[in-house]
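# Coordinates in review
Chain residues, written in single-letter form:
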Amino acid sequence: MKNRKAAGAAALAVVLSILLTACASSPGTSGKLEIDPEQTAQADSAADSSATGQTEEQTAQPETEQAGSGEAPDTWTGSTGYRPGRNSFFFRSGKYKYTETDYALIQSFHTADYGQMSVEEFNRMVMDWDDEEAYHRTEESFQRIFTTLEEEDALYGFVHGTLSNTWDECDRRHYETCQQEKNPWHSGEAYCETYGDVFGDEVLLTGAYCDISYDYEIPDTSAITVEQRDSLLENIDKEMQTFLEKQDAGKLKDEKNMEKTLDAELGRILEKLEGGLAWGGQKEICYYWDSRYDERDDSEDWEDEGDEEEKYTPQEKYDLVLKALKPDGYEKMSLAEFNRKTHAALSEYDEIMDISYLYEMVLMELEEEQSRITNKTDADVKFLQTTVSNSMDEYYAAERSLYARKQIDPEYAVSINASRKEDVYGDEVVVDLAEGYYSFTYHILDADKLTVAERDKFLEDVVSEVQKRVDNAERGQKLDEAFLKKTVDEAGKAAGNAYIEYTGCTIDYMEQYEWD
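Residues numbered from 1 in each chain as written. Predicted model: local features only at pLDDT ≥ 70, side-chain atom pairs only at ≥ 80, totals over all residues. Heavy atoms only, no water.

For the rest of this paragraph, the subject is the overall build of the protein chain. Secondary structure summary: the protein chain contains 18 helices and seven strands in total. The burial tally for the protein chain puts 43% of its 516 residues in the buried class. Accessible surface, the protein chain: about 28,100 Å² in total, of which carbon and sulfur atoms supply 46%. (Helix = DSSP H or I, 4+ residues; strand = E, 2+ residues; numbered from the N terminus. Buried < 20%, exposed > 50% of the residue type's maximum accessible area, 1.4 Å probe, protein only. Areas by Shrake-Rupley, 256 points an atom, 1.4 Å probe, with all protein chains shown as cover.)

Glancing now at the pairing of strand β5 (residues 411-424). As judged from the 14 bridges shared by β5 and strand β6 (residues 427-444), these two strands associate in the antiparallel manner. Of the residues in β6, the one forming a bridge with Asp 423 is Glu 428. In textbook terms, the turn of a hairpin is the stretch between consecutive antiparallel strands, and for β5 and β6 this stretch comprises two residues, one of which, Tyr 425, has a positive phi near 50°. (Pairing = 2+ DSSP bridges.)

A packed helix pair is summarised by two numbers, namely the angle formed by the two axes and the spacing between the axes. The geometry of helix α13 (residues 314-325) relative to helix α16 (residues 378-404) is characterised by a closest axis approach of 11 Å and an angle of 60° between their N-to-C directions. As summarised for this structure, α13 and α16 are arranged oblique, according to the angle between their axes. Every pair of crossing elements has a handedness; the one defined by α13 and α16 is left-handed. Note on element contacts: α16 touches α13 through Asp 380, Val 381, Phe 383, Leu 384 and Val 388, opposite Tyr 318, Val 321, Leu 322 and Leu 325. Here the contact of α13 with α16 is composed, by residue class, of eight nonpolar, no polar and one charged. (Axes fitted to C-alpha atoms, helices over the stretch in contact; angles between N-to-C directions. Parallel < 35°, antiparallel > 145°, perpendicular 65-115°, else oblique. Left-handed = near helix turned anticlockwise from the far one by under 90°. Contact = heavy atoms within 4.5 Å. Nonpolar A, V, L, I, M, F, W, Y, C, P; charged D, E, K, R; others polar.)

A contiguous patch of negative charge, built from Asp 393, Glu 411, Glu 481 and Asp 508, is present on the exposed surface. Counting through the fold element by element, Asp 393 comes out in helix α16. The exposure class of Asp 393 is partly exposed, given its relative accessible area of 32%. (Patch = residues over 30% accessible without salt bridge, like charges linked within 9 Å, V, L, I, M, F, W, Y side chains within 5 Å. Salt bridge = Lys/Arg side-chain N within 4 Å of Asp/Glu carboxyl O. Lys, Arg positive; Asp, Glu negative; His and termini not counted. Charge placed at Lys NZ, Arg CZ, Asp CG, Glu CD.)

In this model, the protein chain carries a mean pLDDT of 80, and residues with pLDDT of at least 70 account for 75%. Ignoring residues within four places in sequence, the model shows residues 296-306, a span with pLDDT below 50, making eleven contacts including any to other chains. (pLDDT = per-residue confidence, 0-100.)

Here the focus is the nonpolar core. Ranked by internal contacts, the top residues of the largest apolar core, which has 59 residues, are Leu 325, Leu 384, Tyr 438, Phe 440, Phe 458, Val 466 and Leu 484. Setting aside residues up to four positions removed in sequence, Phe 458 forms contacts with Phe 440, Tyr 442, Gly 492, Ala 495, Gly 496, Ile 500, Glu 501 and Tyr 502. Counting 26 residues, the second-largest nonpolar core is a separate cluster that includes Ile 212, Tyr 216, Met 258 and Tyr 287. (Core = buried A, V, L, I, M, F, W, Y, C linked by side-chain atoms within 4.5 Å.)

So, on to the state of the cysteines. If you walk through the whole model with that rule in mind, you get zero disulfides. As a non-bridged cysteine, Cys 192 has Cys 210 as the owner of its nearest cysteine sulfur, 9.8 Å distant. (Disulfide = S-S within 2.5 Å.)

The next thing to look at is the pattern of salt bridges. Per the counting criterion, the structure on display carries 26 salt bridges. The shortest N-O distance in the salt bridge between Asp 456 and Arg 455 comes to 2.8 Å. With respect to burial, Asp 456 and Arg 455 carry one shared label: buried.

Turning to the pairing of strand β3 (residues 201-217), a few remarks are in order. Burial of β3 is extensive: twelve of the 17 residues sit out of reach of the surface. Summarising the sheet, strand β2 (residues 185-198) and β3 pair through 14 bridges and their orientation is antiparallel. Counterpart to Ser 187 in the pairing with β3 is Ser 213. The turn linking β2 back onto β3 is made up of two residues, and Phe 199 within it adopts a positive phi angle of 50°. Of the strand pairs in this sheet, β3 and strand β4 (residues 278-291) are connected by eleven bridges, and their pairing is antiparallel. Paired with Asp 211 across the strands is Cys 286, a residue of β4.

Taken together, the side chains of Val 424, Tyr 425 and Val 429 present a nonpolar region at the surface, about 340 Å² in accessible area. Within the secondary structure, Val 424 is located in strand β5.

For the rest of this paragraph, the subject is the side chain of Asp 102. Note that Asp 102 resides in helix α4 (residues 100-109). Beyond its immediate chain neighbours, meaning those up to four positions away, Asp 102 contacts Ser 141, Arg 144 and Ile 145.

Here we take up the packing of aromatic side chains. Taken as a whole and assessed by the stated rule, the structure comprises 17 aromatic pairs. Look at Phe 142 and Trp 167: their rings are 5.6 Å apart centre to centre, the planes differ by 70°, and that puts the pair in the edge-to-face class. With Phe 142 in helix α6 (residues 132-148) and Trp 167 in helix α7 (residues 156-174), the pair connects residues that are 25 residues apart, well separated along the chain. Look at Phe 142 and you get buried, because its relative accessible area is 0%. For the pair Phe 146 and Trp 167, a centre-to-centre distance of 5.0 Å together with 70° between the ring planes defines the contact as edge-to-face. Of the two residues, Phe 146 sits in helix α6 while Trp 167 sits in helix α7, which places them 21 residues apart along the sequence. Here Phe 146 and Trp 167 have matching classes, each one buried. Among the aromatic residues, those joined into a ring-pair cluster are Phe 109, Phe 142, Phe 146 and Trp 167. The ring of Phe 383 carries the charged tip of Lys 326 above its face, separated from the ring centre by 5.7 Å. (Phe/Tyr/Trp six-rings, centres within 6.5 Å; stacked < 30°, edge-to-face > 60°. Lys NZ or Arg CZ within 6 Å of the ring centre and 35° of its normal.)

Looking now at unusual backbone geometry. Of note in the backbone geometry, Phe 199 takes a positive phi value of approximately 50° without being a glycine. Relative to the helices and strands, Phe 199 is located in the loop between β2 and β3. Here the phi dihedral of Arg 405 falls at roughly 60°; this positive angle occurs in a residue that is not glycine. Take Arg 405: it is sitting in the loop between α16 and β5.

Given below as C-alpha cells:
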C-alpha cells in the first residue's frame, strides 16, 4: 500500500513539474499546455524508480551533517500534539537527496534577523519571481530539501514553516499566467492521540486527525514582517488544535459530524483574521478518527501478501520464522521482555520479508497432515504454536484493557478427550469416555518477574491437571459441563502463584459417550 501511494505521489510530482515548466516557458500564452510525450514517459519512469527505492546515483549524494533536533513535532503520552503547517508543496518530490549546496542555501536564509524583514524583502531574497533562472535553481533545491530533510534537523521547522509559506507566495507571483488560484494557501494539522503502556511499550491507542488548508491574501507585503506572517498563520493552526483538544471522545469518533464542526470553527477563525493578512475565502477540512480496536477492513493490507508465499519454500519460511522469533535463552527471559520482542518482530514490515505473514503460513503448514516442513522438532513446533501465540494474545489483551479502561485477560482454549483403560478378555483397551472444549482466562500480576518458562508451565499445569482428573473420574461420574467447569476452576486456582493467576473459564460443550 505504501509503495503504491509513494509511486503515485512521485508521478504527480513529476507531472506537476512538467506542467510548471511548460507554464514558465510560455509566459505569454493563455494557459494552453503542450506536453512532450518524452516528458510523460519520464514521469512514469520516475514513479517506478520511487517505488523500487534509491538508485546507486541517489545513494551517492553526500550526507549532510545535522545541526540538532530542531523543531520536530512533539508527542505527548495520552494527550495531543501540534505540527507546524506544511503548505501545498509537500507533494513536490525531488529526484535526489538534498546536497550540501542545497543545505547551505537554506542556511543562508536563516539569518539572525530574517523574522524582522518584510515579507516582500524576504520573499524576493529567497525566490526572486522575476529572475527566471535563479527562481528555478532555488525551486529545484527546495524540491530536494522539502522531501528529504529529516524531521530531527534543526532547520526542519524553518523549512516547513517559513520557507514553505514563502515558496507558495512566490509561486503565485511567478506562475501567475498559469495559475487558477491567485492566492497562496497554507496547510496545517491538529491531532489528539492517546497512548498506553503495554509490557513496557508505549502503544498508540486512538488518534483524531484534522488536516486544514485555506487561502489567504497579504494586501501589502511591505507592511508585514516574516515573523508576523508566520505567527498569524501558526496561531490559526494552534486555535484549531485547542478546539480539537476540547472535544470529548464520543464526538471525536463521529467523523462526519466532527468534520462539519471543525469546518465551521475554521471559518469562524479565518473570518476574524487581521494584522496584515486576510482570508481569501476558500478552505478545506479533512478529518478522520483512527483506532486499532474499531472495526475496519484490512483486506487491502494483505492483497499483495501472496508473493511472500511464493518467495520461500515451507522449510525456508519455518527457518526464517524461528530465527526471527526464538531468541537464545528465551525461557529465562521475563515475560514482559519476551512479549515486547515478539510483538516488535511480528509488527515490523519491510518489502523483503513480512515475518507476521510468514508466521501465519507456517502455522497453517504445521496443521497439514502431510507437512512439507521436514526439519522440525516437537519443542520448536510447540514454541510457535503455543508460546508465541500466547504472548501475542497477552499483548493484545493488555492493549484492549487500556482502550476499554477495564481488565481484559488473555484466554487459552483447550479441546479435551477423556478416555480410560479397560480390561477386555485380558486385553488392555482404551475406551473413549467424553469429549469437550473449554477455555480459561488468566491474569499476569507481574510480567517483569514472571519468566516465559513459568508462564508456559502455568498453562500446562492447568491443562494436564484437568485432563488427569477427567480421565480418572470415578465410575458413574457424569462427565458433563458442570463437572468440567468445577474441574477447571480447581486446577486453575491451584496452578497460580504470586506472578500469575487464574481468573475463570468458559465451557463450550462437554459430551459423554453412551455405550450400549
